[in-house]
Amino acid sequence: MVRLKKKFLFLLLGGTAVPILILFCALWSNDGTHRSDDVMGFTNREAKLAQRVREVEEQNQILRRQLSLSQNQLLNIQYVSNGDNETRHAVDGSQIKCISSEPDVPKCEVIQIAIVCAGYNASRDVVTLIKSILFFRKNPLHFHFISDQAAQLVLKTLFSTWNVPEVEVSFYVSDSIKNGVSWIPNKHYSGVYGLMKLTLPKTLPTDLEKTIVLDTDVILATDIAELWKMFHKLKDKQAIGLVENQSDWYLGKLWKNHRPWPALGRGFNTGVILLDLSQLRQKNWMQMWRLIAERELMSMLSTSLADQDIFNAVIKQHPYLVFHLPCHWNVQLSDNTRSELCYSEVSDLKIIHWNSPKKLKVKNKHVEFFRNLYMTFEEYDGNLLRRELFGCDMAQTNPVQVQLSQLNEDDECYEFRRERIVIHRTHLYYIEYNYQPTTDDVTLVAQLSMDRLQMLETICKHWEGPISLALYLSDAEAQQFLRYATGSEFLQSRKNVGYHVVYKDGQFYPVNYLRNVALKQVVTPYVFLLDIDFLPMFNLYDYLKKAVSMIDMTSQKKALIVPAFETQRYRLTFPKSKADLLSMLDMGTLFTFRYHVWPKGHAPTNFAKWRTATMPYTVQWEADFEPYIVVSKDVPEYDQRFVGFGWNKVSHTMELDAQGYEFVVLPNAFIIHMPHAPSFDIAKFRSSTLYRRCLKVLKSEFQRDLSKKYGIKALKYLSVDR
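Computed from a prediction, not measured in an experiment: that's the story for all the values here.

Novice: Please explain the overall build of the chain as it appears in this structure.
Specialist: The secondary structure content of the chain amounts to 23 helices and 26 strands. For the chain, the proportion of its 722 residues judged to be buried stands at 52%.

Structure, rendered in structure tokens:
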């Protein structure tokens, strides 16, 4: 309609204004004075021009009447629904045009989506897919994940902390499904998980009638309800909706002696599937595909494209099963596809499928546009996707919102109290992790933000044991971190580092929240609680493993203290032994940590005694003590009311003392704090009287809570500041 209006507007301007302008110029002299010639004295050329103006004006009047009639006619069209089809009628009852269209999806109808997702990398990929779905969606969603234990842990944590309204998630453990497909030899990089879509009619609940099945390497460019509507087009015995394969794979012409599995024509791609589960169960789908697969494997020996080969073999024998989805529902991007024939404009795109192990590196003349679209969703702030769907009676009680509503917004410390309640969206094991702990093993636990990322490689070179890190990042920063970590050969070689991304939300740095996230993912019996700006002495990992085995830490609560030192030099020849460190202390190259600004924090370590100590020795807790310690992994969590700068470690040490932990200093261990620019939170603490005032309030409340929790033995903490 807009295009039609533009056309008529062009005719009006081009047919009237221009000739009138020519006539105007003809009647006006070059020097700006009107010609004195009478109209009757026009030349033949001028007379013809006047005649042409009249003709054009008559034509324009006709066009205006036609445009007016067309607008009225279009505005007065009524839509009469007739099942799956709609017939358009004018108000006078005359039929204008009959078109085929699917009825809209009711706004409260739940769209069911099934995804096979296994491993840490696939879990990261699927988040980009989920973001693209949530960005466009207008309906409630129910995700069904067939996943291994690693992916299940990651995705369960992600969805529970993401807390997106009107989104349900169900998990189906892949181990219980493997037996149904593990007998099939498969050369595809997806392994046994690439075959599990074949089992969905059996795996998913029997009351689930239909589902959209998506690969983890696709993103949506439209509302998924549009695809859900396509189920209305499945007729008769059709039970599987698929897009034709856009490569020549199943034509068998890619190379000499290329012998693909049987397929109908070009075959079909299974990155996007509509599955009518009810129909397939009635047709005994599990037996159908198994018999065909067994027969084909006698000559093919293995699958090359996992489930796709078997789906195509079944469709080849039973073509009535398939419904041809329009190709824009699965625009396949790889080096050997004809995907460019599938779209002419951006508006044609519905689903983009990066069906290649190389993902974003595939060849396509529009690949830069597709890559930018993909990266947009990667870096999109997931917190913005928590919007509610109105008009559906599916409201779920959000305990976080309930607690927040109980806070007094007029309280000057409201923002601090809010931080204790907020649950941050969390993506565990953002990069592949693989480690089996040993007896008396120790994990280094720390947290960091983007401005401390440069410490990562160095600390990993000083500590060869397992590490659990919580990183406080935005979605965009998470992608920067991913590029940094995967671009480092050294970090890539370390599979015993668990990177847990906690996404930014709120005004303060949630330091204790981050520590707790990293602490909960430890798989070793002991933890070394450290900050990222400290470097452990070389071989500290081996030393600590021996220490925890020699000191009885199973029957008694003990916290082993690693003495902390600092340097003010950005370049330091790191001491190789305690003797080297003592020499550097004497020379003034090193100092005891914070001796000049916060001596109370580490004074109880008794550095004078440590200089000559050869055996572990016990020290007593004192106010403001905050040592770096090795403890059992079941240590109490950090108190999350403390954010940013101030009392975050002090409060933890105080609770350990309240629980009866014995503090034991290790005589031959040390860590060194490396200099860096002050954090934003320290600057905020120093410049804001409100910050310092609220921190004092939180300290008092924590001490009162501690005395209530631990009784008489914790009363001493109430008089700490007096």
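Novice: Looking at this model, I keep getting lost on helix α23 (residues 689-710). Mind explaining?
Specialist: Three- or four-residue spacings in an α-helix give side chains the same orientation, since the helix completes a turn every 3.6 residues. Helix length check: α23 (22 residues) gives 32 Å between terminal C-alpha atoms against 32 Å at 1.5 Å per residue, within 8%. Within α23, burial applies to Y691, C694, L695, L698, K699, E701, F702, Q703, L706, S707 and Y710.

Novice: Explain the sheet that holds strand β4 (residues 111-117) to me, please; I cannot follow it from the model alone.
Specialist: For sheets, the rule is that strands pair by backbone hydrogen bonds, running either parallel or antiparallel. Strand order in this open sheet of seven strands is β6-β5-β4-β7-β10-β9-β11, and the pairing throughout is mixed. Either end of the sheet is taken by a strand with one partner, and the two such strands are β6 (167-173) and β11 (322-325). Each adjacent strand pair in this sheet contributes to an overall mean axis angle of 25°, direction not counted. Pairing geometry for strand β9 (residues 240-244) and strand β10 (residues 268-276), over four bridges, is antiparallel. Across the sheet, V243 pairs through a bridge with N269, a residue of β10.

Novice: It is not clear to me how the state of the cysteines should be interpreted in this structure. Could you clarify?
Specialist: Any covalent bond linking the sulfur atoms of two cysteines counts as a disulfide. One pass over the structure, following the stated rule, counts one disulfide. Note on cysteine connectivity: C413 is disulfide-linked to C694, with sulfurs 2.1 Å apart. Where C413 bonds to C694 through sulfur, the torsion about that S-S bond is close to -95°, and the disulfide is left-handed. Of this pair, C413 sits in the loop between α12 (399-405) and α13 (414-421) while C694 sits in helix α23, and the two are 281 residues apart along the sequence. Taken individually, C413 and C694 each receive the classification buried, so the pair is uniform in this respect.

Novice: Explanation requested: the packing of helix α21 (residues 648-658) against α23 in the structure shown.
Specialist: Two numbers describe a pair of packed helices, the interaxial angle and the distance between the axes. At a minimum axis separation of 11 Å, α21 and α23 run at an interaxial angle of 20°. In terms of axis orientation, α21 runs roughly parallel to α23. In the packing of α21 onto α23, the handedness of the crossing is right-handed. On α23, the residues that touch S651, M654, E655 and A658 of α21 are F702, Q703, L706, K709 and Y710. Residues that form the contact of α21 with α23 fall into these classes: five nonpolar, two polar and two charged.

Novice: Is there a simple way to think about empty space enclosed by the protein in this case?
Specialist: Empty space left among the atoms is revealed by rolling a probe the size of a water molecule over them. In the structure shown here, the tally under the stated rule is three cavities of 30 Å³ or more. Each pocket or cavity is described by its volume, and for the largest cavity that value is around 120 Å³. Around the largest cavity, the lining comprises 14 residues; the ones closest to its centre are R515, L529, L530, Y638 and K649. Secondary-structure elements contributing two or more residues to the lining of the largest cavity are β15 (442-449) and α21. Its residues assigned to classes, the lining of the largest cavity comprises eight nonpolar, three polar and three charged. Here the second largest cavity is characterised by a volume of approximately 40 Å³. Taken together, Y429, Y433, T443, I467, S468, G498, H500, Q521, V522 and V523 make up the lining of the second largest cavity. Listed by contribution, the elements that provide at least two residues to the lining of the second largest cavity are β16 (467-473) and β17 (497-503). Of the residues that constitute the lining of the second largest cavity, the class distribution is five nonpolar, five polar and no charged.

Novice: Honestly, the packing of aromatic side chains in this entry has me stumped. Any pointers?
Specialist: Within a pair of aromatic rings, the relevant descriptors are the distance that separates the centres and the angle that separates the planes. Evaluated as defined, the whole model comprises 35 aromatic pairs. With a centroid separation of 5.6 Å and an interplanar angle of 75°, the aromatic rings of W354 and Y374 are classed as edge-to-face. With a gap of 20 residues between them, W354 in the loop between β13 (351-353) and α11 (367-379) and Y374 in helix α11 connect regions that are remote in the sequence. Ring geometry for W647 and F702: centres 6.1 Å apart, planes at 80°, overall edge-to-face. Note that W647 is positioned in the loop between β24 (629-632) and α21 and F702 in helix α23, a separation of 55 residues in sequence. The class for W647 is buried, based on a relative accessible area of 8%. Using a relative accessible area of 2% as the deciding quantity, one classes F702 as buried. Through successive ring pairs, a cluster of aromatic residues spans F143, F145, F159, W162 and F171. Residue placement shows R425 over the ring face of Y503; its charged tip is 4.0 Å from the ring centre. Between K461 and the ring centre of F490, over which it is positioned, the NZ or CZ distance is 5.6 Å.

Novice: Which parts of the structure should I look at to understand the pairing of strand β18 (residues 526-529)?
Specialist: One face of the sheet, then the other: side chains in a regular strand alternate in exactly this way. By the alternation rule, side chains of β18 split into Y526 and F528 and V527 and L529, which are all buried. Examined bridge by bridge, β15 and β18 share four bridges and lie parallel to one another. Bridge pairing in β18 places V442 opposite Y526. Here four bridges tie β18 to β24, and the two strands are oriented antiparallel to one another. Counted as the bridge partner of L529 is I629 from β24.

Novice: Would you mind going over the nonpolar core with me for this structure?
Specialist: One recurring pattern in soluble globular proteins is that nonpolar side chains are buried together. Counting residues in hydrophobic clusters, the biggest one holds 115 residues, and the most contacted among them are L469, F481 and F528. For this core, the element with the highest residue contribution is α23, accounting for seven residues. When neighbours within four sequence positions are excluded, L469 is seen to be in contact with A446, L448, L456, V497, G498, Y499, H500, A518 and I532.

Novice: Could you clarify how one ought to interpret the sheet that holds β15 in this entry?
Specialist: Spatially, nine strands are ordered β14-β17-β16-β15-β18-β24-β20-β25-β23 in an open sheet, and the strand pairing comes out mixed. At either margin of the open sheet sits one strand with a lone partner, and together these are β14 (426-427) and β23 (617-619). Here β16 pairs with β17 via seven bridges, running parallel. Within the sheet, the bridge partner assigned to Y472 lies in β17 and is V502.

Novice: Just checking my understanding: could you explain the packing of helix α9 (residues 285-300) against helix α10 (residues 307-317) for this structure?
Specialist: Remark: α9 packs on α10, axes separated minimally by 9 Å, with the N-to-C direction vectors making an angle of 100°. By the criterion of interaxial angle, the relationship of α9 to α10 is roughly perpendicular. Where α9 abuts α10, its residues W285, M288, W289, I292, A293, R295 and E296 lie against I310, F311, A313, V314 and Q317. Its residues assigned to classes, the contact of α9 with α10 comprises nine nonpolar, one polar and two charged.

Novice: What exactly am I supposed to notice about unusual backbone geometry here?
Specialist: Most peptide bonds are trans, and most residues other than glycine sit at a negative phi. Located in the positive-phi region is D236, a residue other than glycine, with phi close to 50°. Inspection of the secondary structure puts D236 in the loop between α7 (224-229) and β9. Of note in the backbone geometry, W647 takes a positive phi value of approximately 65° without being a glycine.

Novice: Would you take a moment to explain the pattern of salt bridges for this structure?
Specialist: Two side chains bearing opposite charge may form a pair once their charged atoms approach each other closely. Taken as a whole and judged by the stated rule, the model has 29 salt bridges. We note a salt bridge from K138 to D223, for which the minimum N-O separation is 3.9 Å. Note that K138 is positioned in the loop between α3 (120-136) and β5 (141-147) and D223 in the loop between β8 (218-220) and α7, a separation of 85 residues in sequence. Among the residues examined, K138 registers a relative accessible area of 57% and is labelled exposed. For D223, a relative accessible area of 10% gives the class buried. Between D307 and K197 there is a salt bridge, and its shortest N-O distance comes to 3.8 Å.

Novice: Quick question: what am I supposed to make of the environment of Y120 here?
Specialist: Along the chain, the position of Y120 falls in helix α3. Exposure remark for Y120: the relative accessible area of 16% places this residue in the buried category. Between the C-alpha atoms of Y120 and A150, which are 30 residues apart in sequence, the distance is 6.6 Å. When near neighbours in sequence (up to four residues on either side) are disregarded, Y120 contacts A150, V154, Y429, I431, E432 and Y433.

Calculation criteria
In this convention, every chain numbers its residues from 1, walking through the sequence in written order. The predicted nature of this model means local features are confined to residues of pLDDT at least 70 and side-chain atom pairs, given and counted, to a pLDDT of 80 or more, with totals for whole chains, interfaces and linings taken over all residues. Working from all heavy atoms in the structure, the side-chain values ignore hydrogens and water. Secondary structure elements are taken from DSSP: a helix is a run of H or I of four residues or more, a strand is a run of E of two residues or more, and numbering for both begins at the N terminus. Each residue is assigned to one of three classes by its accessible area relative to the maximum for its type, calculated with a 1.4 Å probe on protein chains only: buried under 20%, partly exposed between the two thresholds, exposed over 50%. Multiplying 1.5 Å by the helix residue count minus one yields the expected span of that helix. Only strands joined by at least two bridges in the DSSP assignment are considered to pair. Between N-to-C directions, angles span 0 to 180 degrees; the directions come from axes that are lines fitted to C-alpha atoms, helices contributing only their stretch in contact. Throughout, a disulfide means two cysteine sulfur atoms within 2.5 Å of one another. Any angle from 65 to 115 degrees is called roughly perpendicular, while one under 35 is roughly parallel, one over 145 is roughly antiparallel, and all others are oblique. Here is the rule for handedness: rotate from the far helix to the near one, and if that takes an anticlockwise turn smaller than a right angle the crossing is left-handed, while a clockwise turn gives right-handed. In this analysis, two residues are considered to be in contact whenever any of their non-hydrogen atoms come within 4.5 Å of each other. Polar here means any residue other than Ala, Val, Leu, Ile, Met, Phe, Trp, Tyr, Cys and Pro, which are nonpolar, and Asp, Glu, Lys and Arg, which are charged; Gly is therefore polar. A pocket here means an open set of points on a 1 Å grid, computed over the protein atoms alone, that has protein on both sides within 12 Å along at least five of seven lines. A cavity is instead a set of points where a 1.4 Å probe fits but cannot get out; residues with an atom within 4 Å of a point line either one. Grid points are joined across faces, edges and corners, and a volume is the space filled by probe spheres set on the points. Side-chain rings of Phe, Tyr and Trp (the six-membered ring for Trp) are treated as a pair once their centres are within 6.5 Å; stacked means planes under 30 degrees apart, edge-to-face means over 60, and tilted covers the remaining angles. Distance and angle both matter: a charge sits over a ring if NZ of Lys or CZ of Arg is within 6 Å of the ring centre and within 35 degrees of the ring normal. In plain words, nonpolar cores are sets of buried Ala, Val, Leu, Ile, Met, Phe, Trp, Tyr and Cys residues tied together by side-chain atoms within 4.5 Å. Think of a salt bridge as a Lys or Arg side-chain nitrogen and an Asp or Glu carboxyl oxygen that are within 4 Å of each other.

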